[in-house]
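Listed here are the chains, written in short residue letters.
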Amino acid sequence: MSEDQFKTRLKIAKNKAKPRKSPKNEKSSSNIGTAFKMSTELVSAVVVGTIIGFILDNWFGTKPWLILIFFFVGVIAGIMNVVKSAKKMQR
Amino acid sequence: MAANPMYQFNVYRIGPEIKLGEIDISFTNASLFMVISSLAVLIIFNLGAKKKSLIPDKIQLLAELSYSFVSKMISDTAGSKAKPYFSFIFSLFMFVLFCNMFGMIPYSFTVTSHIIVTFTLAIFIFIAVTIIGFIKHGLGYLKLFVPSGVPIILLPLIVVIEIISYLSRPVSLSVRLFANMMAGHTMMKVFGGFVISLGIIGGWLPLSFSVALTGLEILVAFLQAYVFAILTCIYLNDALNLHH
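Residues numbered from 1 in each chain as written. Chains lettered and ligands numbered in written order. Predicted model: local features only at pLDDT ≥ 70, side-chain atom pairs only at ≥ 80, totals over all residues.

K.L.:
Got a minute to help me understand the overall build of chain B in this structure?
P.N.:
Assigned secondary structure in chain B consists of six helices and two strands. Traced from its N-terminal end to its C-terminal end, chain B shows the element sequence β-β-α-α-α-α-α-α. When its C-alpha atoms are laid out on the principal axes, chain B stretches across 70 × 55 × 45 Å. Residues classed as buried in chain B amount to 31% of the 244 residues present. For chain B, long-range pairs separated by at least 24 residues make up 65% of all intrachain contacts whose partners lie at least 6 apart in sequence. (Helix = DSSP H or I, 4+ residues; strand = E, 2+ residues; numbered from the N terminus. Buried ≥ 20, exposed ≤ 12 C-beta atoms within 10 Å, placed from the backbone. Contact = placed C-beta atoms within 7 Å.)

K.L.:
Explain unusual backbone geometry to me, please; I cannot follow it from the model alone.
P.N.:
Residues other than glycine predominantly adopt negative phi, and peptide bonds predominantly adopt the trans conformation. Residue and element names in this part refer to chain B. Not every positive phi belongs to a glycine, and Tyr107 is a case in point at roughly 70 degrees. By secondary structure assignment, the location of Tyr107 is in the loop between helix H3 (86–103) and helix H4 (115–137). Residue class for Tyr107 comes out exposed when judged on the 6 C-beta atoms lying within 10 Å of it.

K.L.:
What am I meant to see in the environment of Glu162 of chain B here?
P.N.:
Inspection of the secondary structure assignment puts Glu162 of chain B in helix H5 (residues 155–202). Distance in space between the C-alpha atoms of Glu162 of chain B and Phe145 of chain B is 5.3 Å, their sequence separation being 17 residues.

K.L.:
Any chance you could explain the interface of chain A and chain B here in plain terms?
P.N.:
Note: interface size is frequently given as the accessible area lost on complex formation between the parts. Counting residues at the interface gives 25 residues for chain A, matched by 24 residues for chain B. When residues of the side of chain A that touches chain B are traced back to their parent elements, those giving at least two are helix H2 (31–60) and helix H3 (63–90) of chain A. Tallying contributions element by element places H2 of chain A first for the side of chain A that touches chain B, with 12 residues.

K.L.:
Which parts of the structure should I look at to understand the nonpolar core?
P.N.:
Within soluble globular proteins, side chains that are nonpolar tend to cluster in buried spots. With 57 residues, the main nonpolar core has Phe93, Ala229, Cys233 and Leu236 of chain B as its most contacted residues. When contributions to this core are tallied by element, the ones reaching two or more residues are H2 and H3 of chain A together with helix H1 (29–51), helix H2 (58–78), H3, H4, H5 and helix H6 (204–240) of chain B. Here this core gets 15 residues from one element, more than from any other, and that element is H6 of chain B. Sequence-distant contacts of Cys233 of chain B, defined by excluding residues within four places in its chain, comprise Met73, Ile74, Thr77, Ala78, Ala82 and Ile89 of chain B. (Core = buried A, V, L, I, M, F, W, Y, C linked by C-beta atoms within 7 Å.)

Structure (structure tokens):
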């Protein structure tokens, strides 16, 4: 390998190793990953919200109310999760 | 016994019963397959890293390819600041991938098709990422829950929503892996059962489905390990580069 050849290869390798200023969250290769991500995010936020409501209800003894409120807050959180990842994808 | 499609997820004890106080910590088939996959990862990468020849042989090529694959994934999703966490994400990815792939061997056991395994991994990542966030940003990490440009009246509601969506991360991370693996393996067993019950005349259609499903399952096994690792990177990115 001549010295010139080596220099160009070194340059290419250095370019590759250069840290990127703004990390891109989604690349085209991981689009299918995002699809999987969104489907469960919607559900899991609802589940977590309901569990939090259930625990708080047991603490404060306000049986049906907090679980109802937190269920709907969980639904909102789930929708926001999906909207957020959709926005990230479009960027 | 074998006709039940859920039978493959049975956890049973291998060897003597070991008890730690009230807790049963006996060696099960699940532990066996975890040990097998971690040993396989260790052996393959030790062999791959041993030679360091300029022209790699197959096993070294495998090790180098997976190294550059994970390294590229981390720098793409979490930036250069996440480089110190490479070893953690790499071992996580390899462990999940090998568990999934060993599950594809007939008569083997899929560790990741149990929610407690995936949830343990996910809650560990969640706690680690939270601690990293607090170490890097101090109390400023709480700004993650307060998006900028929200009217002050809506703020309490938004903060509650953000906290719920933050807490839902380990759940969604673990449920995705577990559900995909369990559903896929159940489906394969169900179609396998169809082949037997329909016999030599009608059994060809479900058999062809089975073949296609096996291919799909191998794809899913890889993809879910990839998604698991990439989401860890994304959460790490949130903790390291705090922005909205």
